[in-house]
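Inside the fold
One-letter residues, chain by chain:
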Amino acid sequence: MGLSQSQPVKSQVGLKELAPGDSPVVDIIAIHGLDGQELFWTAHNGVLWLEDLLPADISDPRVLTWLGRSYIGIATIV
């Protein structure tokens, strides 16, 4: 199961709740890295493991993601 990188996704910047939990006993916050998008955590079959798989493996978590603006560039020193 590979990761899909074929088409960029315009994601909302900030905190997003993926799984609220019934009475959450733990908060899990996934922070996207440089040039990050939710797309990179989603498999070709559309499964977003943080939302679709993780809540089934941990007892009553609240799962959130944080997406901040970041850009990868090249700096030139003159």
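Above this text sits the structure in question.
Structural notes, computed from the coordinates. Because the structure is a prediction, the values reported are computed rather than measured.

What counts and how
- Residues numbered from 1 in each chain as written.
- Predicted model: local features only at pLDDT ≥ 70, side-chain atom pairs only at ≥ 80, totals over all residues.
- Heavy atoms only, no water.
- Buried < 20%, exposed > 50% of the residue type's maximum accessible area, 1.4 Å probe, protein only.
- Pairing = 2+ DSSP bridges.
- Helix = DSSP H or I, 4+ residues; strand = E, 2+ residues; numbered from the N terminus.
- Axes fitted to C-alpha atoms, helices over the stretch in contact; angles between N-to-C directions.
- Patch = residues over 30% accessible without salt bridge, like charges linked within 9 Å, V, L, I, M, F, W, Y side chains within 5 Å.
- Areas by Shrake-Rupley, 256 points an atom, 1.4 Å probe, with all protein chains shown as cover.
- Salt bridge = Lys/Arg side-chain N within 4 Å of Asp/Glu carboxyl O.
- Core = buried A, V, L, I, M, F, W, Y, C linked by side-chain atoms within 4.5 Å.
- Contact = heavy atoms within 4.5 Å.

With that settled, consider unusual backbone geometry. A positive phi is found at Asp60, a non-glycine position, where the angle reads about 55°. The partly exposed category is assigned to Asp60, whose relative accessible area is 22%.

Further remarks concern the sheet that holds strand S3 (residues 61–67). Within the open sheet, the three strands sit side by side as S1-S3-S2. Their pairing is mixed. Each edge of the sheet is formed by a strand with only one pairing partner; in this case those strands are strand S1 (14–19) and strand S2 (26–31). Averaged over neighbouring strand pairs, the angle between their axes works out to 25° when direction is ignored. Sheet topology note: the S2/S3 ladder contains six bridges and is parallel. Its bridge partner lying in S3, Asp27 is registered against Arg62.

This part is about a nonpolar patch on the surface. On the surface, Leu15, Ile29, Ile31 and Trp66 cluster together into a nonpolar patch covering about 440 Å² of accessible area. Relative to the helices and strands, Ile31 resides in strand S2. According to the relative accessible area criterion, Ile31 is exposed, its value standing at 59%.

Another aspect to go through is the nonpolar core. In summary, soluble globular proteins display a tendency toward joint burial of nonpolar side chains. Within the largest apolar cluster, seven residues are counted, these being Leu18, Ala19, Ala30, Leu48, Leu50, Leu54 and Val63. Beyond its immediate stretch of four places on either side in the chain, Val63 contacts Lys16, Glu17, Leu18, Ala19, Ile28, Leu50, Leu54 and Pro55.

It is worth spelling out the environment of Leu50 at this point. Looking at the element boundaries, Leu50 is found in helix H1 (residues 49–52). Classification of Leu50 as buried rests on a relative accessible area of 2%. Separated by 21 residues in sequence, Leu50 and Ile29 have C-alpha atoms that sit 9.6 Å apart. Those residues in contact with Leu50, other than ones at most four positions away along the chain, are Leu18, Ala30, Trp41, Pro55, Val63 and Thr65.

Everything listed here is a matter of coordinates, which is why it stays silent on function.
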